[in-house]
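# Coordinate analysis (summary)
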Amino acid sequence: MNRLVLKYGRPLTAVILAVFAWVIYRRIAGGDEIIPVAIAAAIVWGLGAPAFIYLWPRLTVSGYKRAILKHGFGDGPVPVNTLHAVPNTSSPSASRGSLMATGADDLLYVGGWLDLRKGPQVLHVPNMAGRYFSVQFTDPSKGANFAYVGKRTTGTGAGDYVLSAPGWKGTVPNGMTQIFSPTDSALVIGRVLVESDGDLPIAYALAKQIQLAPLKH
Amino acid sequence: MVNAFAWFSQSGIVQGLILGAVLAFLTAILIMNAVGRAITTTASGWSAIRRCGQPGNGVLVRAACAKALPVVNVFEEAAYWTTTVDGSGQTLSGGHGYVLHFPAGKLPPNDAFWSLTPTDVVGYMVTNPTNRYSVGDRSPLARNADGSVDIYLQHQAPGTHEQNWLSTPSGKFKLMFRVYLPGAAILDGTYQLPRVVRAW
């Protein structure tokens, strides 16, 4: 669908505008009133364009949310607060239209939807021993990446990170690092470097260990 | 009441609402595309958007980024460049051969990896018989005598330099260059990718 829209966006737009022009022409030719149409259209147009722009990041991220929770990455739906590691790198045959279809073929992707309404979650990452990896947390209202765990920001050692919603007042256990989420949900995308074909099983074993679990009291 | 309903359906208000909503959608797309172009930086034919994914972006930049590069990494995590044209501005096509020449010591600086992937114009990889869909820092690329590296981009096997050959789609195509954990010279803008030069 998306692919078709990208490919035929311009002709589609031309067809839609031509239909509109024809409808308006028929109204005028038929002697019907045109003023109410014009006023209604102008109001919706003027209010709707900024609304679409404002909502676009939210619509985009909710597309990913729906895809993860309803369809998953080829192995069925992925429940909230569960991270799913995709076992293969991107390739031409790896399901077009999947989340990783345009991805890099040197990375394994990990994805999930974080929901903090029932309390904080703990992100566990294994010891990556210098290997490149990252876990990106994206705010669903703005599409901004508010936090990263990974080689650049936290290093490649094993670690546990407490993700808390705004207003959470509990205490973070010793040895864990708190990450303040600006919203009570977030898109989670993990990436783990695959050095070579032979390295794939090792990278996948590590990617599967990047997991979420509820914070125990 | 019945009169009001009759007037409502006759007046064309519903048509107006539909018309306005579709025009609003198209206008939003046009504005987001325009903002997307405005925040895109292009050098030697390669385009990148450095501002996406950052907390603190304004409404327009957020929307343009969500449209152009949804949920993309911040630039300091991963630098992405794309191009659909060669160094002289001509559309990339599988009917031609291209060379990407990195002078000695000028492969992209990074703390993770880099890779170059040809895709169709939408961004999907296209099946090719070599089963090689990208080259990068882990590829066994041959160096020239002076230490420089040439990457050959063409649909058919070049006959020579196969070690440095990446098969492109047979039609129009796009190149995606990724540098994860880009080095300081990329972040401050002093490093630039070389032009894609058409060889034949």
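Residues numbered from 1 in each chain as written. Chains lettered and ligands numbered in written order. Predicted model: local features only at pLDDT ≥ 70, side-chain atom pairs only at ≥ 80, totals over all residues.

## Considering the overall build of chain B
Going by this rule: Only DSSP runs of H or I reaching four residues or more are called helices, and only runs of E reaching two or more are called strands; each is numbered from the N terminus. Just to be clear, the radius of gyration here is over C-alpha atoms, and the globule rule we use is 2.2 Å times residues to the power 0.38. In this scheme every C-beta is placed from the backbone, and a residue whose C-beta has 20 or more other C-beta atoms within 10 Å is buried, one with 12 or fewer is exposed, and one in between is partly exposed. Working definition of a contact: two residues with C-beta atoms, positioned from the backbone, lying within 7 Å.
Helices and strands together make up the secondary structure of chain B, namely four helices and 10 strands. Reading the helices (α) and strands (β) of chain B from amino to carboxyl end gives α-α-β-β-α-β-β-β-β-β-β-β-α-β. Taken against the 2.2 N^0.38 rule, which gives 16 Å for 200 residues, the C-alpha radius of gyration of chain B at 22 Å runs more than 25% over that of a compact globule. For the C-alpha atoms alone, the extent of chain B along its principal axes is close to 85 × 40 × 30 Å. Across the 200 residues that make up chain B, the buried fraction comes to 35%. Residue pairs at least 24 apart in sequence account for 67% of intrachain contacts in chain B once pairs closer than 6 positions are excluded.

## As for the overall build of chain A
Within chain A, the secondary structure is distributed over three helices and nine strands. Along chain A, helices and strands appear, N-terminal first, in the series α-α-β-β-β-β-β-β-β-β-α-β. Taking 217 residues into account, the globule formula puts the C-alpha radius of gyration at 17 Å, and chain A, at 23 Å, lies well above it. Judged by the C-alpha coordinates and their principal axes, chain A covers about 75 × 45 × 30 Å. Burial status across chain A gives 34% buried among its 217 residues. Look at the contacts in chain A between residues 6 or more apart in sequence, and 64% of them connect residues 24 or more apart.

## Comments concerning the nonpolar core
For soluble globular proteins, the rule of thumb is that nonpolar side chains tend to be buried together. All names here are of chain A. Using the following cut-off: We define a nonpolar core as a collection of buried residues of the types Ala, Val, Leu, Ile, Met, Phe, Trp, Tyr and Cys that are connected via C-beta atoms lying within 7 Å of each other. An automatic or database domain assignment supplies the start and end points of every domain.
Leu108, Val188, Val192, Leu193 and Ala207 are the most contacted members of the largest nonpolar core, which totals 90 residues. Broken down by element, the residue count for this core peaks at 11 residues, all from helix 2 (residues 35–71). Viewed by domain, this core spans two of them, domain 1 (2–70) and domain 2 (84–214), each represented by three or more residues.

## Some remarks on the interface of chain A and chain B
Cut-off, in case you're wondering: When residue character is reported, Ala, Val, Leu, Ile, Met, Phe, Trp, Tyr, Cys and Pro are called nonpolar, Asp, Glu, Lys and Arg charged, and the others, Gly included, polar.
On the side of chain B, 52 residues touch chain A, which itself brings 56 residues to the contact. It is helix 2 of chain A that provides the largest number of residues to the side of chain A that touches chain B, a total of 20 residues. Class assignment for the residues of the side of chain A that touches chain B results in 32 nonpolar, 12 polar and 12 charged.

## Here we look at the sheet that holds strand 3 (residues 121–125) of chain A
What links the strands of a sheet is backbone hydrogen bonding, and the strands pair in either a parallel or an antiparallel sense. Residue and element names in this part refer to chain A. Applied cut-off: Strands are labelled as partners when DSSP assigns at least two bridges between them. Every axis in this analysis is a line fitted to C-alpha atoms, fitted for helices over the stretch in contact. Angles between the N-to-C directions lie between 0 and 180 degrees.
In space, the four strands of this open sheet follow the order 7-6-3-9, with mixed pairing throughout. Taken across any chain shown, the strands that pair with only one partner, and hence form the sheet edges, are strand 7 (177–180) and strand 9 (211–214). Within the sheet, the average angular offset between the axes of one strand and its neighbour, ignoring direction, is 30°. Sheet topology note: the strand 6 (residues 159–164)/strand 7 ladder contains four bridges and is parallel. Paired with serine 164 across the strands is phenylalanine 180, a residue of strand 7.

## A few points about the domain arrangement of chain A
Assigned domains of chain A: these are domain 1 (2–70) and domain 2 (84–214). Once you take the C-alpha centre of each, domain 1 of chain A and domain 2 of chain A turn out to be 36 Å apart.

## Notes on unusual backbone geometry
If you check the backbone angles, His161(B) has positive phi at about 55° while not being a glycine. Within the secondary structure layout, His161(B) lies in the loop between strand 7 (149–154) and strand 8 (165–167).

## Describing the confidence of the model for chain B
Selection criterion: pLDDT is defined as a per-residue confidence score from the predictor, taking values between 0 and 100.
Overall, the predicted model of chain B reaches an average pLDDT of 92, with 96% of residues at or above 70. Reported for the predicted complex are a pTM of 0.89 and an ipTM of 0.89.

## What about helix 2 (residues 13–38) of chain B?
The condition that has to hold: To estimate the expected span of a helix, subtract one from its residue number and multiply by 1.5 Å.
Between its first and last C-alpha atoms helix 2 of chain B spans 37 Å; for 26 residues at 1.5 Å apiece the expected length is 38 Å, and the two agree. Gly16(B), Leu19(B), Gly20(B), Leu23(B), Ala24(B), Ala28(B), Met32(B), Val35(B) and Gly36(B) are the residues of helix 2 of chain B that are buried.

## Looking at the sheet that holds strand 5 (residues 145–150) of chain A
Residues and elements named next belong to chain A. Taken in spatial order, the five strands of this open sheet run 1-2-8-4-5, and their pairing is antiparallel. The sheet terminates laterally at strand 1 (84–85) and strand 5, the two strands that pair on one side only. Against the sheet, helix 2 engages strand 2 (107–115), strand 4 (133–138) and strand 8 (185–193), with an angle of about 100° to strand 2. Together, strand 1, strand 2 and strand 8 form the strand contacts of helix 3 (residues 200–208), whose direction differs from that of strand 8 by roughly 155°.

## Quick notes on the environment of Pro182(B)
All names here are of chain B. Within the secondary structure layout, proline 182 lies in strand 9 (residues 174–182). C-beta crowding within 10 Å serves as the criterion here: with 22 such atoms nearby, proline 182 is assigned to the buried category. Measuring from C-alpha to C-alpha, the distance between proline 182 and asparagine 110 comes to 4.4 Å, with 72 residues separating the pair along the chain. Apart from residues lying up to four places away in sequence, proline 182 is in contact with Glu76, Ala79, Asn110 and Leu187.

## A few points about the packing of helix 2 of chain A against helix 3 (residues 59–68) of chain B
We apply this condition: Throughout this description, any angle smaller than 35 degrees is read as roughly parallel, any larger than 145 degrees as roughly antiparallel, any in the 65 to 115 degree range as roughly perpendicular, and the remainder as oblique. Each helix crossing is assigned a hand: it is left-handed if the near helix lies turned anticlockwise from the far helix by less than a right angle, otherwise right-handed if that turn is clockwise.
In contact at an axis separation of 8 Å, helix 2 of chain A and helix 3 of chain B are set at 40° when each is read in the N-to-C sense. Here helix 2 of chain A lies oblique to helix 3 of chain B, going by the angle between them. In the packing of helix 2 of chain A onto helix 3 of chain B, the handedness of the crossing is left-handed. Contact residues: helix 2 of chain A offers Ile53(A), Tyr54(A), Trp56(A), Pro57(A) and Thr60(A), while helix 3 of chain B offers Val59(B), Leu60(B), Arg62(B), Ala63(B), Ala66(B) and Lys67(B). Broken down by class, the residue content of the contact of helix 2 of chain A with helix 3 of chain B amounts to eight nonpolar, one polar and two charged.

## Some points on the pairing of strand 2 of chain A
All names here are of chain A. Burial within strand 2 is extensive, with eight of its nine residues counted as buried. Bridge analysis of strand 1 against strand 2 gives two bridges, and the strand direction is antiparallel. Each residue of the ladder has a partner; that of histidine 84, found in strand 2, is glycine 111. Alignment of strand 2 against strand 8, held across nine bridges, turns out to be antiparallel. Within strand 8, the position partnered with tyrosine 109 by the bridge is arginine 191.

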